[in-house]
Amino acid sequence: MKLDAKIPEGPIEKKWDEHRFHMKLVNPANKRKFNVIVVGTGLAGASAAATMAELGYNVKAFCYQDSARRAHSIAAQGGINAAKNYQNDGDSVYRLFYDTVKGGDYRSREANVYRLAQVSVNIIDQCAAQGVPFAREYGGMLDNRSFGGAQVSRTFYARGQTGQQLLLGAYQALSRQIHTGKVKMYPRTEMLDVVLVDGHAKGVVVRDLVTGEVSSHAGDAVVLATGGYGNVFFLSTNAKGCNVTAAWRAHRRGALFANPCYTQIHPTCIPVSGDHQSKLTLMSESLRNDGRIWVPKKGGDNRPPGQIPEQDRDYYLERRYPSFGNLVPRDVASRNAKAVCDEGRGVGPGGLGVYLDFADAIGRLGQDTVSAKYGNLFHMYEKITGENPYQVPMRIYPAVHYTMGGLWVDYNLMTNIPGLYAIGEANFSDHGANRLGASALMQGLADGYFVLPYTIGNYLAQHMGEDVTTDDQAFKNVEAEVAGRVDRLMSINGSRSVDSFHRELGKLIWDYCGMARNAEGLNTALEKVPALREEFWNDVRVLGSAENVNQSLEKAGRVADFFELGELMCRDALDRDESCGGHFREEHQTEEGEALRDDESFSFVSAWEKKEGTDWQLHKEHLEFEYVKLTQRSYK
């Protein structure tokens with residue numbers, strides 16, 4: 001298999017404009033003849049479905065929530081990047097492009113990242129026109145703040161609710177199209193497989209989560225906007241419903257899965273408090289604008305933070321990275337937090353925490369100003385921990401947050417399966433080995449509003465007059481496979497709950513393929529994960545019936561996919577014998593403990609093809625860096 005990323009020729013600043021001009025078009029009358037399936041209605045899916053319906057396509061949109069408003073996109077807090085340069089502080093499209101490539105530790109595709117930076121400026125205009133209540137500064141202009149990995153203020157925000165406000169804007173656009181009849185919405189419906197006809201994606205098989213009915217839907221193209229797979233770790237900042245099933249079932253049908261080992265560990269999360277937890281809570285990276293991160297200089301110093309004088313505190317990020325301070329990228333901040341805790345200087349129960357202190361900011365700006373910026377985040381922290389962050393420092397520790405890996409896509413956001421697209425966090429394309437903060441919302445909306453509506457037309461224009469319906473035998477075959485898988489899960493009738501398997505799997509992946517990895521641990525995981533998967537298929541107990549609401553069955557199907565994904569993550573991490581971004585191999589680090597890349601051997605995208613059984617074949621998309629020079633990443 002030869003991977004063709006379909007990157008246009010020409011200077012990078014002209015690639016997207018030239019590409020759009022040379023793409024085939026579908027005229028307005030013909031758009032009404034095409035049916036497009038969109039799976040997932042978060043920021044990427046809702047914006048794509050609304051935009052394509054506005055253009056005239058007939059869209060079917062599926063989500064497993066009761067409403068598109070419940071997509072995990074609402075959980076994004078801190079902001080969305082765009083190269084507007086409203087602060088007049090030196091930002092530009094090129095600087096956003098450079099920061100993103102550098103932040104991803106030089107493991108992303110230059111052409112895709114530059115396009116993302118280009119269209120970022122349009123996203124803000126689009127969202128402001130929709131009524132998204134971005135924060136404004138005293139003159140009435142939209143305000144900006146800083147995020148990790150940048151020395152400019154380019155992050156637009158709506159207090160600590162940016163994801164929610166952006167999703168409501170996309171949801172309004174989607175609702176308008178539902179009202180006109182151009183979008184048919186299928187809530188509480190889970191995609192369980194993709195259907196291929198003559199090698200092209202022509203539909204999906206879904207299960208109604210209320211009635212249990214399995215049914216097929218045909219379309220001229222299928223778009224997966226189903227988010228990331230961080231819940232393979234069990235404990236993460238993701239909503240509990242987030243899963244890999246849609247992307248994984250496409251992978252099993254032949255779609256390549258790229259860079260699965262690239263996991264982002266967010267440094268600013270409320271620490272684990274006990275085995276009773278089923279998820280973790282994110283505290284926005286924006287807090288690092290004004291909060292200072294520190295630990296005691298000496299291990300075992302258990303004095304209350306207010307009683308520890310300045311001379312006994314180690315503001316370790318400011319000490320190690322004077323240029324960026326507390327706003328280093330997430331992977332760097334996370335590894336440093338782990339390091340000081342491993343030294344025995346962590347705070348809180350179990351010593352797995354560091355302080356995020358706002359005393360200086362409150363003294364400098366006043367509590368009212370701090371509250372105006374972060375009040376809802378402070379309130380959330382106090383509700384969860386019982387501690388008032390205006391009076392005592394927050395305690396934070398890294399946790400699984402985002403996955404940079406996903407389905408492999410070309411420049412047009414199409415997978416290697418013709419007609420099957422992946423957008424937002426479901427694809428791998430823009431963030432390399434580490435996503436900069438405030439770029440997830442940017443990518444989701446860029447893909448949905450401004451990229452996919454162009455590129456999908458180029459594909460559809462070449463398939464005029466084709467008429468595939470669910471009467472095709474391919475749909476019947478896939479339906480039978482889905483039903484057989486459900487029956488198998490229901491018939492095991494073992495002794496262990498789905499959650500017990502998921503928790504054990506998550507701990508294995510966290511211990512051996514989490515913040516730090518090494519060959520010995522990865523090989524151990526590659527022995528333990530398949531053994532646990534075998535036990536799952538022989539001893540899991542799925543309660544209830546398949547003919548009605550059954551969350552135990554839903555979880556079982558998703559956890560079964562997590563077992564296969566977890567094995568591939570470990571294989572990918574073992575194969576990538578270097579450190580880069582969020583993939584930190586302990587064997588490969590500088591004298592100062594930073595990630596040490598091997599550009600000569602590993603400057604490529606790892607794209608894995610599913611083979612029979614539990615085997616995979618690796619394909620490589622070699623990365624060319626024509627505009628950003630490969631250097632050892634430094635934030636000092």
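Each value, and the rule that gives it
- Residues numbered from 1 in each chain as written.
- Predicted model: local features only at pLDDT ≥ 70, side-chain atom pairs only at ≥ 80, totals over all residues.
- Heavy atoms only, no water.
- Helix = DSSP H or I, 4+ residues; strand = E, 2+ residues; numbered from the N terminus.
- Expected span 1.5 Å × (residues − 1).
- Buried < 20%, exposed > 50% of the residue type's maximum accessible area, 1.4 Å probe, protein only.
- Polar contact = N/O pair within 3.5 Å; in protein donor to acceptor, adjacent residues only side chain to side chain.
- Contact = heavy atoms within 4.5 Å.
- Domains from an automatic or database assignment.
- Buried area = accessible area lost by both parts, 1.4 Å probe.
- Salt bridge = Lys/Arg side-chain N within 4 Å of Asp/Glu carboxyl O.
- Pairing = 2+ DSSP bridges.
- Axes fitted to C-alpha atoms, helices over the stretch in contact; angles between N-to-C directions.
- Phe/Tyr/Trp six-rings, centres within 6.5 Å; stacked < 30°, edge-to-face > 60°.
- Parallel < 35°, antiparallel > 145°, perpendicular 65-115°, else oblique.
- Left-handed = near helix turned anticlockwise from the far one by under 90°.

Participant: What is the right way to read helix α16 (residues 551-575) from this model?
Facilitator: Side chains that are three or four residues apart share a direction in an α-helix, a result of its 3.6 residues per turn. For α16, with 25 residues, the first-to-last C-alpha span of 36 Å sits near the 36 Å given by 1.5 Å per residue. Of all 25 residues in α16, 20 are buried, a share of seventy percent or more. Between the side-chain oxygen at the start of α16 and the backbone nitrogen of S552 there is a gap of 3.1 Å, and the oxygen is on N550.

Participant: So what exactly am I meant to see when it comes to the side chain of H266 here?
Facilitator: Along the chain, H266 falls in strand β11 (residues 263-269). Taking the relative accessible area as the measure of exposure, H266 reaches 0% and is therefore buried. In terms of polar contacts, H266 uses its side chain to reach the backbone amide nitrogen of T268, at 3.0 Å. In this structure, H266 is in contact with L282, M283, E285, R330, S334, Y397, P398, A399 and H401, ignoring residues within four places of it in sequence.

Participant: Whenever I open this one, the domain arrangement of the chain confuses me. Can you help?
Facilitator: Size of an interface: often given as the accessible area lost when the parts come together. Under the domain assignment used here, the chain contains domain 1 (266-398) and domain 2 (473-622). The gap between the C-alpha centroids of domain 1 and domain 2 is 32 Å. The partner domain 2 presents eight residues to the 11 residues of domain 1 that form the contact. A combined buried area of about 780 Å² lies between domain 1 and domain 2, and 49% of that area is made up of carbon and sulfur atoms. Contact with domain 2 buries surface across domain 1, with R320, R335 and K338 losing the most and accounting together for 54% of the total. Linking domain 1 to domain 2 there are one salt bridge. Note that E594 is salt-bridged to R320, the shortest N-O span being 3.5 Å. The interface formed by domain 1 and domain 2 contains five residue pairs in polar contact (both at pLDDT 80 or more). Secondary-structure elements contributing two or more residues to the side of domain 1 that touches domain 2 are α9 (330-342) and β15 (394-403). Of the residues forming the side of domain 1 that touches domain 2, the biggest block, five residues, is contributed by α9.

Participant: Could you clarify how one ought to interpret the pairing of strand β9 (residues 221-224) in this entry?
Facilitator: On any regular strand, side chains alternate: one points to one face of the sheet, the next to the other face. Burial along β9 is two-sided: A221 and V223 and V222 and L224, pointing in opposite directions, are all buried. Note: strand β1 (residues 35-39) against β9, four bridges, orientation parallel. Within the sheet, the bridge partner assigned to V38 lies in β9 and is V223. Examined bridge by bridge, β9 and strand β17 (residues 420-422) share three bridges and lie parallel to one another. Its bridge partner being in β17, L224 is matched across the sheet by A422.

Participant: Looking at this model, I keep getting lost on the sheet that holds β11. Mind explaining?
Facilitator: Spatial strand order, β11-β15-β14-β12-β13: five strands in an open sheet with antiparallel pairing. Looking at the sheet topology across the chains shown, the edges are occupied by β11 and β13 (313-314). By the bridge criterion, five bridges tie β11 to β15 in an arrangement that is antiparallel. The partner of C269 across the bridge, within β15, is Y397. Sheet strands in contact with α9 are β11, β12 (292-296), β14 (354-357) and β15, and its direction is about 65 degrees off that of β11.

Participant: For this particular structure, what's the right way to read the packing of aromatic side chains?
Facilitator: Tallied over the entire structure, the rule returns 25 aromatic pairs. Residues Y86 and F156 carry aromatic rings whose centres are separated by 5.7 Å and whose planes lie at 80 degrees to one another, so their mutual orientation is edge-to-face. Linking Y86 in the loop between β3 (80-81) and α4 (93-103) with F156 in strand β4 (residues 155-156), this pair joins segments that are 70 residues apart in sequence. The buried category is assigned to F156, whose relative accessible area is 0%. Relative to Y355, the ring of W294 lies with its centre 4.7 Å away and its plane at 45 degrees, an arrangement referred to as tilted.

Participant: Even after reading the chapter, I still don't get the pattern of salt bridges, so can you show me in this structure?
Facilitator: Side chains bearing opposite charge may pair, as long as their charged atoms lie close to each other. The tally for this structure, following the rule as stated, stands at 52 salt bridges. Its salt-bridge partner being D17, residue R20 comes within 2.6 Å of it at the nearest N-O pair. Of this pair, R20 and D17 are both found in helix α1 (residues 15-22), three residues apart, which corresponds to roughly one turn of the helix. Using a relative accessible area of 41% as the deciding quantity, one classes D17 as partly exposed. A salt bridge links R585 to E587; its shortest N-O distance comes to 3.0 Å. When salt bridges with common partners are traced through the structure, they connect D105, R107, D331, R335, R576, E578, R597, D599 and R633 into a single cluster.

Participant: How should unusual backbone geometry be read in this particular structure?
Facilitator: Generally, phi is negative for residues other than glycine and the peptide bonds are trans, each holding for most cases. Despite not being glycine, N85 shows a phi value in the positive range, around 60 degrees. Given a relative accessible area of 26%, N85 falls into the partly exposed group. The backbone of D198 shows a phi angle near 55 degrees, a positive value even though the residue is not glycine. Assignment of secondary structure puts D198 in the loop between β6 (189-197) and β7 (200-208). Accessibility expressed as a relative area gives 75% for D198, which makes it exposed.

Participant: Where do I start with the sheet that holds strand β19 (residues 616-622) in this structure?
Facilitator: An order of β16-β10-β18-β19 is seen for the four strands of this open sheet, with the pairing classed as antiparallel. Two strands close off the open sheet at either side, each with one partner strand: β16 (406-407) and β19. Here strand β18 (residues 604-610) runs beside β19; their pairing, made up of seven bridges, is antiparallel. In the sheet register, W608 faces β19, and the bridge partner there is L618. Lying on the sheet, helix α7 (residues 245-252) is in contact with β10 (257-258), β16, β18 and β19; it crosses β18 at an angle near 75 degrees. Against the sheet, α16 contacts β10, β18 and β19, and its axis sits at roughly 140 degrees relative to β18.

Participant: I'm lost on the environment of G274 in this one. Help?
Facilitator: Mapped onto the elements of the fold, G274 is located in the loop between β11 and β12. Judged by its relative accessible area of 22%, G274 falls in the partly exposed class. Taking the C-alpha atoms as reference points, G274 and D615, 341 residues apart in sequence, are found 36 Å from one another.

Participant: When you look at the environment of L420 in this model, what are you seeing that I'm missing?
Facilitator: By secondary structure assignment, the location of L420 is in strand β17. A C-alpha to C-alpha distance of 33 Å links L420 and K84, two positions 336 residues apart in sequence. Discounting residues that sit within four places of it in the chain, L420 has contacts with V194, A201, V222, L224, A250, A255, M414 and T415.

Participant: Quick question: what am I supposed to make of the packing of helix α3 (residues 43-55) against helix α12 (residues 440-460) here?
Facilitator: To characterise two packed helices, one gives the angle between the axes of the helices and the distance between these axes. The contact between α3 and α12 brings their axes to 8 Å, and the two run at 30 degrees. Put simply, α3 runs roughly parallel to α12. The handedness of the crossing between α3 and α12 comes out as right-handed. For the pair formed by α3 and α12, the contact residues are L43, A44, S47, A48, T51, M52 and L55 on the first element and L441, G444, L445, G448, Y449, L452, P453 and I456 on the second.

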